[in-house]
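# Results of the structural survey
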Amino acid sequence: MGGREAAEGPPIPSAPPAGAGPGAGAAGADSAAPGPVRLDAFAPGGRVYQAARDLYVSEAHHVRPAGPLAVVEPVLPTDAAAAEVFVGRGAERREVLAVLDPAHGATGMIVASSVAGLAGIGKTALARSCAAEAVGRGWYAGGAVFVDLNGYARDPADQVMPEHVFAPMLHALGFPGRPADSPAGQAAQYHRMLAGLAAEGRPVLLVLDNASSTAQISDLMPRSRAHRTLITSRHTLVTRGSRTLELGALSPAGARALVEEQLEFLSPGGTRTRQDAAGTERLCRLCGHLPLALHIATALLARDPDLTPSDLADELARARHKLDVLDDGERAVRAAFELSYRRLTSQQARMFRLLPVNPGPHIATDAVARLVDLADDQAVGLIRELARAHVVERVGNGVWRQHDLMRAYAIQLLGHHGDNQGAASNRLIEHYIALAADAMSALHGEGPVTSFPTVEAALAWCDREHPNLQAATSMAATFGDDDGALRIQETLVAVYAHRGQTAEWEAAARTAVRFAREAKDHPGRSRALHQVMVALERAGRQDEAVEAAGVLLGFQQVVIEAASLAEHPLDCQRLLQHAVAAVAESGRLLGGREDGLLHTRRADIARVANARHLDETFREIGPRAPRRPAGPDTEDVPGEDFRGTVPRPPRRPPEPPAEEEVPDVALEATRWAREALERLSEHSPGVAHSVAGAAPAQMAARRALSLIPEDLRPEDADDWRGVCALLARFAAARLAGGPMSRDAGRLAQQEWSWGVLPHVAGTYEIAVQAYRRVNDAAPQVRLYSDLAEESFQSGAYPLAAKCRLAAAGIAEAMGDEEGQGEALSAAAHAHLLMANHEEAARFAESAFPLLTAAKRPGPAGRALTTLANARFSLNLPAQALSAALGAEALTASAGDLPGRTAALLVLGLAQRDTDRAEDSSASWRTALHIARTLDDPYLTPSTESFLKSVGHLRG
């Protein structure tokens, strides 16, 4: 289809954004509308889980935080666990330990790599065993640390680079000060610290595991020969001054020695390998002489005293025969996995399959118990049996890990067996949240906490679980539990704050801001913004801290607005109390810079408190209650927002105010605003809604606006709010001419749209200017939205687009991303109807991520429908197809049937023009079925008309 044909094709019925004209009411079907604001942020166990957690493990397992995750662990001395899982590399161990010995005068770096990346070769096991032995010999007084560089991640962006390692490495090595804010500063601190430790005769051992390139390790290399570095990689890395140790499969003799020694360790006194030497050699050969497969096979022999090596070799041969699609190394390891898994009990097998649901690199026993929903003592017995079977390994006291290959195998099994991953992840996240809340209480000194009796115990737990906590936040967010992600993230913020790690503190707080925004937790977002401010202040970045204080202060308008809309008085009071604290904290840094805005916020708090009849003590948080003009007009000046969102307090008999309370000019402005309403009501409806009939009233309204000072002091704003409300009422009264004109016929509607509506827009601008002078943003948004909706229904699309963009700008300044997204989506729809397709696409693309972040799938889907329409009209059918598929999925998930109908119609066009005729017909059939089911007076006939125009329907 050519560009001209696309532009002049049949009109595509579209479901406009909420509040944007015909079909707008259907937006109420969006199931993701925001619920009550959560206030129990720190209440133990106070949780609300969202639905839709049942995802396939192939999509949800091993969830990592966005970007690389550097986990720096201390290397512990050799213990029973290390002895159990590593034998059979005597020559290699001696070579590595010779280099790791600080007394050794040669190079301090050794690279252990595999031959052709062979799986299960034992690189990490060798590195861990040698490092643990070296620490046990007391060689590294400066410390020994292990970090997985994730060099072979599926997404290269997840590879850990030196700039991600410096800060956690400084902390792990006991850096006494605060890490610098920039990676360059942290690198300088890191190398200065290593130089200082070398001068003190305190060498350090670095184990850099799983590196894929020299770029991951070069900047981490110590410059002093006193320190040692042990690197593992699947391939040989050429690094200056290093010694390379290439690991291949074990020799036949070495493989047999491993089996014999490990079997003696697990089952002392056995003679099976000696009695069946030929079977043992065959078993080793079928295991590919790979340490991982050999360990598993030996564990199978140890668990079954009647099993001979020959019998096990026969089973292994049959299992390998089924895996011809794999290469030899993979077949050996995979076959061993399958034999081991078959011998697990049902409970052990279930635990094995569910372990990958844990998002971090290791898991503690108590977390395992929650994962499988068993008592701690039962879970301990099961995990120990898995360790004996060598399908998990113990890496510390009560801490376990799965080999990467074993984890991948467990994930595949989990997908096949259909275990309830959602319930398991719920329990695990709940476990991390509960302990994280206890840890934060301990750090804040909030009374006795049974989980952590001391601050040191809480910090030790946070250090051990740090990678799991970080990964759990991403898992919670992936499953739509932004509230849970926020609770865990707040603990990480508290840890960084406690230790004064300002760079990590600021970054974690900014992440908490995002989680709180997505959870629609206004107090949580305020807390996170406050933490950003304090972190910047502690880092000495004063200008940025002041800017952050301004953001915190600006956001309080959203909190106060939420308080005014809260159904329960206690919720209102909690939100206002939070706003009081946030205003005070931001004012501490802002000083005299924002006196006007500070006063306005305090006045807003007092106004809401007064309207909701909160106790007198609480009302003292702000200035005096709003003052009203005296005289006969007093009774009719609304004390609430013109839309009535704040309940009006009971009427009281007017008392004569003090002479100085209300300036004479405010009284005069009130009289002019009232006169505008009265003059409008003097005429019949037909005359009142004409330009000539409304002109005297409009002049009175302009007179009232002219009396409101443009440089109004914040403390005087309350004197003028009644004037603003009257002007808003006057604008709304004029807008009522729209429905009347549509009822009167086509000519009256045309006269309204072309002649009267622009004049009414001037009336609305008067009301907007009035609220702008008293610095009240929310009513401005509502005024523009009301005018935009009427303009849309009247066909005045340029005016509708203009009003929506003005509302979007104000919402952005308020920090209301959801309101900004809805306004941009409506503006995009208006531009689409004006055939401004590039503008429509641009605004829809801006609206979609805002609505997605706000968890509004229905409106987000409608924005994508507009985008798909615009792209199709721009002759971009492939891009239109992508947007339409997303729109159909989102509107379907939200239960937004009119929106889904519109998405299906444009989806059918995009499918037709990308040579998918059958899919196109199916989409249009579904759209027609939905439209006829709805029987909407606008949507149903327009859908049928469209489908006739494209030849899908006859007649």
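Each chain has its residues counted from 1, following the order in which its sequence is written. For this predicted model, a pLDDT threshold of at least 70 governs which residues receive local features, and a threshold of 80 or more governs which side-chain atom pairs are given and counted, while totals over whole chains, interfaces and linings are taken from all residues. Only hydrogens and water are removed before side-chain values are computed, so all heavy atoms of the structure are retained for them.

### Things to note about the overall build of the protein chain
For the record, the criterion: The secondary structure listing takes helices from DSSP runs of H or I that are at least 4 residues long and strands from runs of E that are at least 2 residues long, numbered from the N terminus. When checking whether two residues touch, look at their non-hydrogen atoms; a contact exists if any pair is within 4.5 Å. Method for areas: the Shrake-Rupley scheme with a 1.4 Å probe, in which residue coverage is limited to the protein chains shown.
Helix and strand content of the protein chain: 41 helices and nine strands. For the protein chain, contacts bridging at least 24 residues in sequence account for 71% of all contacts bridging at least 6. About 39,600 Å² of surface is accessible on the protein chain, with carbon and sulfur atoms providing 52% of the total.

### Focus: the nonpolar core
Rules: Nine residue types can take part in a nonpolar core, namely buried Ala, Val, Leu, Ile, Met, Phe, Trp, Tyr and Cys, and a core is a set of them joined through side-chain atoms within 4.5 Å. The cut-offs for exposure are 20% and 50% of the maximum accessible area for each residue type, with area from a 1.4 Å probe on protein chains only; residues under the lower value are buried, those over the upper are exposed, and the others partly exposed.
Membership of the largest hydrophobic core comes to 124 residues, with the highest contact counts inside it found for Met351, Phe352, Leu355, Leu386 and Leu576. Here this core gets twelve residues from one element, more than from any other, and that element is helix H23 (residues 542-565). In contact with Phe352, other than residues within four places in its own chain, are Tyr341, Leu344, Leu386, Val391, Gln402, Met406, Tyr409, Ala410 and Leu413. Grouped together as the second largest cluster of nonpolar side chains are 90 residues, Leu712, Phe730, Cys803 and Val950 included.

### Overview of the state of the cysteines
As a reminder, the rule being used: Note on terminology: disulfide denotes any pair of cysteine sulfur atoms within 2.5 Å.
Scanning all chains against the criterion turns up zero disulfides. Among the cysteines around Cys287, which has no disulfide bond, Cys284 carries the closest sulfur, lying 6.7 Å off.

### So, the pairing of strand E3 (residues 143-148)
For the record, the criterion: A pair of strands counts as paired when DSSP detects no fewer than two bridges linking them.
For strand E1 (residues 72-74) and E3, the ladder comprises three bridges, and the chain directions are antiparallel. When the sheet's bridge partners are listed, Pro74 is paired in E3 with Val145. Bridge analysis of E3 against strand E4 (residues 204-209) gives six bridges, and the strand direction is parallel. Each residue of the ladder has a partner; that of Phe146, found in E4, is Val207.

### Brief notes about the packing of helix H22 (residues 522-538) against helix H24 (residues 569-590)
Pairs of packed helices are described in terms of their axes, by the angle between the two and the distance that separates them. Here is the rule: Axis lines are fitted through C-alpha atoms, for helices just across the contact stretch, and the angle between N-to-C directions can take any value from 0 to 180 degrees. Here the angle decides the label: under 35 degrees means roughly parallel, over 145 means roughly antiparallel, 65 to 115 means roughly perpendicular, and every other value means oblique. Each crossing gets its handedness from the near helix: less than a right angle anticlockwise from the far helix is left-handed, clockwise is right-handed. Under the convention adopted here, Pro, Cys and the residues Ala, Val, Leu, Ile, Met, Phe, Trp and Tyr are nonpolar, Asp, Glu, Lys and Arg are charged, and Gly plus all remaining residues are polar.
It is at 11 Å that the axes of H22 and H24 come closest, and there the two elements cross at 15°. Here H24 runs roughly parallel to H22, going by the angle between their axes. Crossing geometry of H22 relative to H24 is assigned as left-handed. Taking contact as the criterion, the partners of Pro523, Ser526, Arg527, His530, Met533, Val534 and Glu537 in H22 are, on H24, Leu575, His578, Glu585, Ser586, Arg588 and Leu589. Looking at the contact of H22 with H24, its residues break down into five nonpolar, four polar and four charged.

### Examining helix H39 (residues 897-912)
Here is the rule we go by: In this analysis, the expected span of each helix is defined as 1.5 Å times one less than the number of residues it contains. Contacts described as polar in this section are N or O atom pairs within 3.5 Å, which, within protein, must combine one atom able to donate a hydrogen with one able to accept it, while residues neighboring in sequence count only if both atoms come from side chains.
Along its 16 residues, H39 runs 22 Å from first to last C-alpha, staying within 8% of the 22 Å computed at 1.5 Å per residue. Most of H39 sits out of view: 13 of its 16 residues are buried. Where H39 begins, one side-chain oxygen reaches toward the backbone nitrogen of Gly899, 3.0 Å away; that side chain belongs to Asp896.

### Thoughts on the side chain of Asn358
Relative to the helices and strands, Asn358 resides in the loop between helix H14 (346-354) and strand E7 (363-364). The exposure class of Asn358 is buried, given its relative accessible area of 2%.

### Quick look at unusual backbone geometry
The residue Lys520 is not glycine, and still its phi comes out positive at about 55°. With respect to the helices, strands and loops of the structure, Lys520 is situated in the loop between helix H21 (502-519) and H22. For Lys520, a relative accessible area of 17% corresponds to the buried category.

### Topic: the pairing of strand E8 (residues 393-396)
As judged from the three bridges shared by E8 and strand E9 (residues 399-401), these two strands associate in the antiparallel manner. What sits directly across from Glu393, in E9, is Arg401. The antiparallel pairing of E8 with E9 creates a hairpin that spans two residues between the two strands, and Gly398 there sits at a positive phi of about 70°.

### Section: the environment of His837
Following the sequence through the fold, His837 ends up in helix H36 (residues 837-853). In this structure the C-alpha to C-alpha distance between His837 and Thr866, which are 29 residues apart in sequence, comes to 9.4 Å. Not counting residues within four places of it along the chain, the set of residues in contact with His837 comprises Leu832, Ala870, Ser873 and Leu874.

### A few points about the sheet that holds E8
Across the sheet, which stays open at both edges, the three strands sit in the order E7-E9-E8 with antiparallel pairing between neighbours. Since the sheet does not close on itself, it has two edges, and those belong to E7 and E8, each with one partner. Sheet topology places E7 next to E9; two bridges connect them, and they run antiparallel. Looking at the pairing, Ala364 lines up with Val399 of E9.

### Quick word on the confidence of the model for the protein chain
Which entries qualify depends on this criterion: For every residue, the predictor reports its confidence as pLDDT, a number between 0 and 100.
Confidence in the prediction of the protein chain, expressed as mean pLDDT, is 77, and 80% of residues score 70 or more. Scored below 50 in pLDDT, residues 1-11 shows 15 contacts in the model against residues more than four places distant or in partner chains. Below pLDDT 50 for its whole length, residues 324-328 participates in four contacts with residues either more than four positions away or in separate chains.

### Quick notes on the pattern of salt bridges
Using the following cut-off: The rule for a salt bridge is simple: a side-chain nitrogen of Lys or Arg has to be within 4 Å of a carboxyl oxygen of Asp or Glu.
Considering all chains together, one arrives at 37 salt bridges under this definition. We note a salt bridge from Arg256 to Glu281, for which the minimum N-O separation is 3.4 Å. Residue Arg256 is found in helix H8 (residues 252-266), and its partner Glu281 is found in helix H10 (residues 277-286); the two are separated by 25 residues along the sequence. On the accessibility criterion, Glu281 (44% relative accessible area) is partly exposed. Where Arg856 meets Glu818, a salt bridge forms, and the shortest distance between an N and an O atom there is 2.5 Å.

### Describing helix H34 (residues 797-814)
Taking 1.5 Å of rise per residue, the 18 residues of H34 would be expected to cover 26 Å, and the 26 Å separating its terminal C-alpha atoms lies within 8% of that figure. For H34, every residue scored as buried is listed here: Leu799, Ala800, Ala801, Cys803, Arg804, Ala807, Ala808, Ile810, Ala811 and Met814. Buried positions along H34 lie against H23, helix H32 (746-773), helix H33 (777-793) and helix H35 (817-833). In the stretch just after H34, Gly815 is the one whose phi turns positive, near 80°.

### Some details on the packing of aromatic side chains
To describe a pair of aromatic rings, one takes the distance between the centres and the angle between the planes. Rule in force here: Only centres within 6.5 Å qualify two rings of Phe, Tyr or Trp (six-membered ring in Trp) as a pair; their planes then separate them into stacked at under 30 degrees, edge-to-face at over 60, and tilted for everything else. For a lysine, the NZ atom is tested; for an arginine, the CZ atom; a charge sits over a ring if that atom is within 6 Å of the ring centre and within 35 degrees of the ring normal.
A full pass over the atoms with the stated rule returns five aromatic pairs. With 5.9 Å between their ring centres and 45° between their planes, Tyr341 and Phe352 make a pair best called tilted. Of the two residues, Tyr341 is situated in helix H13 (residues 328-342) and Phe352 in helix H14; the sequence distance between them amounts to eleven residues. Judged by its relative accessible area of 13%, Tyr341 is buried. Plain terms: the ring middles of Phe452 and Trp461 are 5.4 Å apart, the flat faces sit at 50° to each other, and that makes the pair tilted. With relative accessibility at 7%, the residue Phe452 sits in the buried group. Above the face of the Phe146 ring, Arg128 is positioned so that its terminal group lies 3.9 Å from the ring centre. Between the NZ or CZ atom of Arg842 and the centre of the ring of Phe843, over which it lies, the distance is 4.5 Å.

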